[in-house]
Each structure stands twice: as structure tokens, then as C-alpha cells.
Amino acid sequence: MKETMTDKWAQLDVAMSASSLKTIKERFAEDKDRAAKYTLEAAGWMLDYSKNRIDEKVMKALVKLAKESNLKEEIEKMFTGKKINATEGRAVLHTALRNLNKADKVKVDGKDVLKDVRKVLDQMGDFSDKVRQGKWKGFAGKRIKNVVNIGIGGSDLGPVMANIALTPYTKRNMKFFFVSNVDSTHLAETLRAVKANETLFIIASKTFTTQETMSNALAAKDWFLAEAKKAGLKKADAEAAVAKHFVAVSTAAKEVAAFGIDTKNMFGFWDWVGGRYSLPSAIGLSLMLAIGRNNYKKLLKGYYKMDRHFRTARFERNMPVILALLGILYHNGYGAESYCVLPYDQYLSRFPAYLQQMDMESNGKCVDKDGNGVEYSTGPIEWGEPGTNGQHSFYQLIHQGTHLIPCDFIGCCKTHNPIGDLHDKLMANLFAQTEALAFGKTAEECAAEGVEKKLIPFKTFEGNKPTNTLLCDQLTPETLGALVALYEHKVFVQGVIWNVYSYDQWGVQLGKVLAKGVLTDLTAKKPALKHDSSTNQLIVRYRKAVGR
Ligand code: F6P
């Protein structure tokens, strides 16, 4: 009889209930080698996962779960281009984007995709060299000083996150802007900050049909044409100047041409790159313009190192697998609905937001691969903020609230900006938080410190709160690439165990379709409102306020 997920959870339950008799604190007390035992190194990152509710039995049960989910075979299917995104009939090959190993071949429908990958990478490199060296001139003969990336979701979050993360590597005499929201304020405030004759717009959209991106792109083009005319260009010359100021990143050449962008200035990618996994594709063009082609290649190298580790290391020593299994332990074993990612590095301030799309759009699924409703919880809620800011905001709830919230702490030993002892203080806070969460503070300890008896319940800390700590020497293009790949593969492993399709996102469609109908009702002369009474009421209220 085929084993069900329920049977698998039951095995895990048995291991867990035996292990949960002991706290993290007790486990440390009985094993002086615990930290070393539960620590891994890969691709420039150290993962210390010793401050978790685990022992050898729990880890064995978790690894067994991975093996019984055919994880090894699934990993190979992904890396070798099998069409594992079955609901869209596509391969999932973001790993091919960072494989610069000349000897390798990865085929989709009989065609080696690595050749195309390298061609686009060279095209991006040549273009970014020209722009960065001031050889690519705008309509007034001036060099490009501003780059505005217009895109949303995967065509925005990765480039934004990485541009901030790699600020020390960016060309400081260029400015980079990212417009994603269809809220006109986003575009308007960006356009206020730039001059048309020294600005390059990158229209980044896999499909080139996304409402937000296309609306912003058209508005940016109208603004550009008006500015060019103001600068004295005739209509035809202004239109010709679009080619110098607008480029596209897309899989849809026809749509790009229809928009008016010369397809010579289009940087392609392929349907086997999911939006939320597309940072190392041409979607990273704005990043390459910022950090240069060599640093961009170092980023890919970092990704590749983690890819190799993931593909080859045995599960017990495999960083993405371990991270995924610990996530499963708390999500399915302990019912923790969310997990927190807390980077103690200001440059990683948008990393939690980037991970939200990667994780929640991938595994926020309630139907398994056979089309049946799942009987277990999938897709955790991911959230977080950079430390130490979060400490003065929501950590109270993590320490003393009623929810169990496993946390990933991320830190870099060396700062790019040494000022006095600030970095030591930052890292001291990181390490101290993981200590406080794991070990807490007992009533006896409070009493020994002289805490007034009636205040003891409020000043004790239960502890036993699980954390992972990820440490690298310094945040560089290489370590950033490895970090992103680590979480990509973690999400993949969890999707395999939950038996869901991690690479489609049908859940975003309904709202998009309904918005089209609502838009008609907002703008039509006399709409016949056929929605529910709440939606109708909102539409009427809006129309009244704007005088329709
Ligand atoms: O929100 C859904 C989504 O399809 C994401 O998966 C994707 O990253 C985003 O929209 C943008 O899509 P595109 O790059 O095609 O404009």
C-alpha cells in the first residue's frame, strides 16, 4: 500500500514527542559537542542549527522523510531540465542560469540551453560596459546617469534586493530606481528625480503583459516623449530617441516590438525561468549595470557553488535540505505558521521581502500534485526585518508571546563600513538574541538577581525558542548568490515533501481578472454593477468621490 503523508508525519511525531521531553537548554547541557555537531559550512556560509529542538532521532526522522519523498530523484529532475512545472508544462532551470561550466550541457526539448544563457550574458555584459563607461549616449549626447527598472514581482523584488545588498559594489555616480506599483505616485516620484536625456528605462517583464508594468512603461514612454519634445526634438526624432532610452527584458519578443522597443535592445530569457527565480537571468540587468559584469559573474559563481553543494552533498550535511527539514519540523510538527528571517546587515534590508515572494508564491498551495486537497499544512508565512530594528519592535512577541516563531538570523562578520565599535555591537546583538531565545531566563534566575517576587512572572523567559544562525565573512556578490540559492533550494525541498507544484502561481490570476472588470465599472459612463453588495458599494463610493 502506498504510504501517505499522514503515515510520514506520524513517524516524525513519534521522534518529536520523545525529543520534546528535553529543552534546547538541557540538550546543550548534556552534550558539549552539540554546537559543532549541528553546524555546516557551504559556499562561504556557516549554518549553526544547534539551537533547535532536535536530537539525532528527530534529524534521522526528518532525513527519512526527505528520502521517502524521493528528494534525490526530484533534485536531479530539476537540474536536468525535466518538466517539473507540470501545470504549465515547463522545465525549471534557474540553476542553468549560473552554470558557467563550459563542459556542462543542459537540454530542454533536445536543445542545450547553456549556449543561449551565455549568449545573453555576453549581450548584457557588452551593453552594461557601454553604459557604465559612458559610451552609450542619450538623445542629447549625454551619458546615462539614471537607470529606472520598471517591473513587478519577480521582475522587481530580486533586482531591488540585490541592488541594495551590493551597494558597496555599485557605481556610485549612477542612480538606480525601481518602479513596480501601479500607484502613479511610484512613477511620478521617480520621474521627479531624473532627467530624460540621461535616463535609461529597463522594462522588465517576463510576459510583457503584466498590467502594472505595461501601464507604468507606457506612462514612462509618454513622459519621455514629452520631455524630448520640450528639449526641442521633433516628433519623429523623439520617437527615434526611444531606442536609446528604453530597453526590454522579456521572453516575449512580439510584445516588446509592439511596445516600440527595438528587439536589438531586448535581453531575452526563457519560459523555464520562473519570475521569482529570475534574478540571475537578464532580469538582473539593472544589477549588472550597477555592479558591473565581473561582479555579476561573481554573484553567479556564488549561486553555482550552493547549487553544486545542494546537488551533491548527502542530506545529513546538505544546507538547503537541513534548513528545509527544520522548517518542516516546526510547520508540520509544532504547528508554527510563520517563520522569521532577521538579517543583521542593513544591506540585506529587502531580503525578507524578496523571500516572501520566493517562498509564499511557490509553496502557498492547498492542492497536491494529483489535484487533491492536501491534508497537512503547507507554505509558511515568511516575514522579517533587519536587526537590530526588529528587536525594538516585534521581538517581544517572539520572546514572550504565545506563538512559536522559528527564526533565521543572518550575519556577516566583516562590515563594509567600519565606524568605531558599531559592527561589534550589531553582531553582539545577533548572538545575544539567539542565546536569549534558546536559553531564556528562569524564575530562579530572576529571584537570584533580586527581582521583586510579584514581577517574576513578567520577567522570566521560557526560552526553548528555535533559531538558525547563518554567518559569512562578508556580504559580497559571491556570498549573496549563495544565500539566495540556499533559500531557493530550501523552498524546493519543502515543495517536494509537501508534494505541491512549487513553480506555478495560479492563485494570483483571479484577482487580476476581476480587476479588469472592476476597472471597466470604475470608468464606464453608466456601469451596470453586477458584483456583490459590498463591492458595488465601494465602486459607487469611489465614483462619487472622483466625480463620476
Ligand atoms: O504576480 C504574479 C506574477 O506572475 C509573478 O509570478 C511574476 O514575478 C510577476 O507577476 C511579474 O510578471 P512579469 O515578469 O511577467 O511581468
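Before any of the text, the structure's been laid out above.
The sections below set out a description of the structure shown in this document.

With respect to unusual backbone geometry
Here comes step 1: For the bond from G387 to T388, the omega torsion is 5°, close enough to zero to count as cis.
Here comes step 2: Its location among the elements puts T388 in the loop between β11 (381-383) and α15 (395-400).
Here comes step 3: For D109, which is not a glycine, the phi torsion comes out positive at approximately 50°.
Here comes step 4: Structurally, the position occupied by D109 is in the loop between β3 (107-108) and β4 (111-112).
Here comes step 5: With a relative accessible area of 66%, D109 lands in the exposed category.
Here comes step 6: One non-glycine residue, N464, lies in positive phi territory at about 60°.
Here comes step 7: If you trace the backbone, N464 turns up in the loop between α18 (456-459) and β13 (467-474).

A short note on the nonpolar core
Within soluble globular proteins, side chains that are nonpolar generally end up buried alongside one another.
Here comes step 1: Formed by 120 residues in total, the largest nonpolar core has its most connected members in W272, F351, L480, Y487 and F492.
Here comes step 2: A total of 13 residues in this core trace back to one element, the largest contributor, which is helix α19 (residues 477-498).
Here comes step 3: Beyond its immediate sequence surroundings of up to four residues, W272 is in contact with A91, V92, L93, H94, A96, L97, V108, V113 and V117.
Here comes step 4: Counting residues in each nonpolar core, the second largest holds 29 residues, with L191, V194, F208 and A252 among its members.

Considerations on the pattern of salt bridges
Here comes step 1: If you walk through the whole model with that rule in mind, you get 30 salt bridges.
Here comes step 2: With its nearest N and O atoms 3.3 Å apart, the salt bridge here joins E56 to K37. Of this pair, E56 sits in helix α4 (residues 56-68) while K37 sits in helix α3 (residues 34-37), and the two are 19 residues apart along the sequence.
Here comes step 3: You can call K37 partly exposed: its relative accessible area is 34%.
Here comes step 4: Between E227 and K230 there is a salt bridge whose closest N-O contact spans 2.8 Å. Taken as a pair, E227 and K230 lie in helix α9 (residues 211-230) at a separation of 3 residues, close to a single helical turn.
Here comes step 5: Among the residues examined, E227 registers a relative accessible area of 23% and is labelled partly exposed.
Here comes step 6: For K230, a relative accessible area of 66% gives the class exposed.
Here comes step 7: Each of K22, R27, E30 and D55 takes part in one network of salt bridges that share partners.

What about the sheet that holds strand β2 (residues 45-48)?
Here comes step 1: Strand order in the open sheet formed by 6 strands is β1-β2-β13-β12-β10-β11, and the pairing between neighbours is mixed. The outermost strands of the open sheet, each flanked by one partner alone, are β1 (39-42) and β11. The average angle at which neighbouring strand axes cross in this sheet is 20°, direction not considered.
Here comes step 2: Bridge analysis of strand β10 (residues 338-344) against β11 gives 3 bridges, and the strand direction is parallel.

Rules used in this analysis
- Residues numbered from 1 in each chain as written.
- Predicted model: local features only at pLDDT ≥ 70, side-chain atom pairs only at ≥ 80, totals over all residues.
- Heavy atoms only, no water.
- Helix = DSSP H or I, 4+ residues; strand = E, 2+ residues; numbered from the N terminus.
- Buried < 20%, exposed > 50% of the residue type's maximum accessible area, 1.4 Å probe, protein only.
- Core = buried A, V, L, I, M, F, W, Y, C linked by side-chain atoms within 4.5 Å.
- Contact = heavy atoms within 4.5 Å.
- Salt bridge = Lys/Arg side-chain N within 4 Å of Asp/Glu carboxyl O.
- Pairing = 2+ DSSP bridges.
- Axes fitted to C-alpha atoms, helices over the stretch in contact; angles between N-to-C directions.

In short, geometric facts, not functional conclusions.
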